[in-house]
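# Observations on the three-dimensional arrangement
Chain by chain, the residues:
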Amino acid sequence: MRAAGRVVAEMHQAIRAAAAPGVTTLQLDRVARDVLSSRSATSNFLGYHGYPAVICASVNDEVVHGIPNERPLQIGDIVSIDCGAIVNGWHGDAAFTMGIGTIEADAQRLIDTADRALAAAVAAMNSGGHLGDVGAAVESVVQMAGYGSPRDYCGHGIGRAMHEDPDVENRGRRGKGPRLEPGVVLAIEPMLIAGGRDDVMVLDDDWTVVTVDGSLAAHTEHTVVVTDRGPEILTRL
Ligand code: MF3
Ligand code: CO
């Protein structure tokens with residue numbers, strides 16, 4: 001899973017470098033495909049329930065599952081990129097949100113909070129702890145900042161398949177839920193809604209999840225393993 005995670009991190013690095021005003025999300029999908037093939041890895045997104053790309057690219061009020069398209073990114077946009085890889089049958093999955101050119105302070109605060117929520121969740125992935133610690137960590141960062149988080153979407157176990165048990169919700173109670181122990185691997189994925197509401201809707205393309213109030217959204221994700229020496233992020237270089 002370290003090998004798969006490294007490929008995902010390389011996809012992120014290449015996409016971060018390529019994303020700029022005037023670039024389309026379809027071009028970013030191409031960048032991700034090139035990394036996959038250069039590493040002899042395959043995509044766990046492409047063909048998943050018929051999904052047509054190797055990345056999800058969700059712009060501004062899109063929360064998750066945006067399909068890459070021909071619309072050029074513009075200065076001031078924020079874009080969430082989610083992608084995964086399979087190496088030797090093992091899966092990695094991760095997401096980040098970035099600004100395109102100069103973005104508004106509010107948008108930057110949303111992105112920074114999403115990064116902090118993910119970091120807090122990772123830090124909670126300790127042997128002897130509980131699954132609820134992870135959700136509680138996300139929830140507390142999101143709530144303190146006054147943001148919302150969709151109830152209908154969550155993280156997941158990951159391994160031989162992209163989506164395994166358990167669900168990893170972005171809310172929870174510390175000390176509740178299954179025990180975390182060495183070898184447990186979770187894809188933790190905070191999703192933040194600037195307007196503070198928790199509800200979202202799916203567009204007519206049957207994929208793109210958007211905020212109901214039109215406010216900005218951010219999404220971050222890492223694949224993380226519990227070890228006896230603490231959490232290890234697999235999808236980071
Ligand atoms: N990466 C998403 C997740 O974290 C899954 C995307 S499914 C796809 O669970 F079909 F859109 F690729
Ligand atoms: Co995921």
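Residues numbered from 1 in each chain as written. Chains lettered and ligands numbered in written order. Predicted model: local features only at pLDDT ≥ 70, side-chain atom pairs only at ≥ 80, totals over all residues. Heavy atoms only, no water.

### Here's the deal with the coordination of the cobalt ion (ligand 2)
For the cobalt ion (ligand 2), every protein donor is listed as Asp93 (OD), His156 (NE2), Glu189 (OE) and Glu221 (OE), and the spread of their distances is 2.1 to 2.2 Å. What the six donor atoms of the cobalt ion (ligand 2) show is an angle range of 44 to 172° at the metal, which sorts the shape as irregular. In the primary structure, the donors to the cobalt ion (ligand 2) are separated according to the pattern D-x62-H-x32-E-x31-E. Of this pair, His156 sits in strand β5 (residues 155–157) while Glu221 sits in the loop between β11 (217–219) and β12 (222–227), and the two are 65 residues apart along the sequence. Residue classification places Glu221 among the buried positions, given a relative accessible area of 0%. (Donors = N, O, S within 2.8 Å, 3.2 Å for Na, K, Ca; no water. Tetrahedral: all angles 85-135°; square planar, octahedral: opposite > 155°, others 65-115°. Helix = DSSP H or I, 4+ residues; strand = E, 2+ residues; numbered from the N terminus. Buried < 20%, exposed > 50% of the residue type's maximum accessible area, 1.4 Å probe, protein only.)

### Concerning the sheet that holds strand β1 (residues 55–59)
Strand order in the open sheet formed by three strands is β1-β3-β4, and the pairing between neighbours is antiparallel. Where the open sheet ends on each side, the last strands, each with one partner, are β1 and β4 (90–99). Recorded for the sheet is a direction-independent mean angle of 10° between the axes of neighbouring strands. Bridging between strand β3 (residues 78–87) and β4 involves ten bridges; their strand directions are antiparallel. Looking at β4, one finds that Ala85 is bridged to Gly92. (Pairing = 2+ DSSP bridges. Axes fitted to C-alpha atoms, helices over the stretch in contact; angles between N-to-C directions.)

### Focus: the pattern of salt bridges
Enumeration over the complete set of coordinates arrives at eight salt bridges. The salt bridge involving Arg71 is made with Asp77; its shortest N-O contact spans 3.2 Å. The buried category is assigned to Asp77, whose relative accessible area is 7%. Between Asp199 and Arg197 there is a salt bridge, and its shortest N-O distance comes to 2.7 Å. Take Arg197: its relative accessible area is 41%, and that puts it in the partly exposed class. Overlapping salt bridges bring together Arg151, Arg171 and Asp198 as one network. (Salt bridge = Lys/Arg side-chain N within 4 Å of Asp/Glu carboxyl O.)

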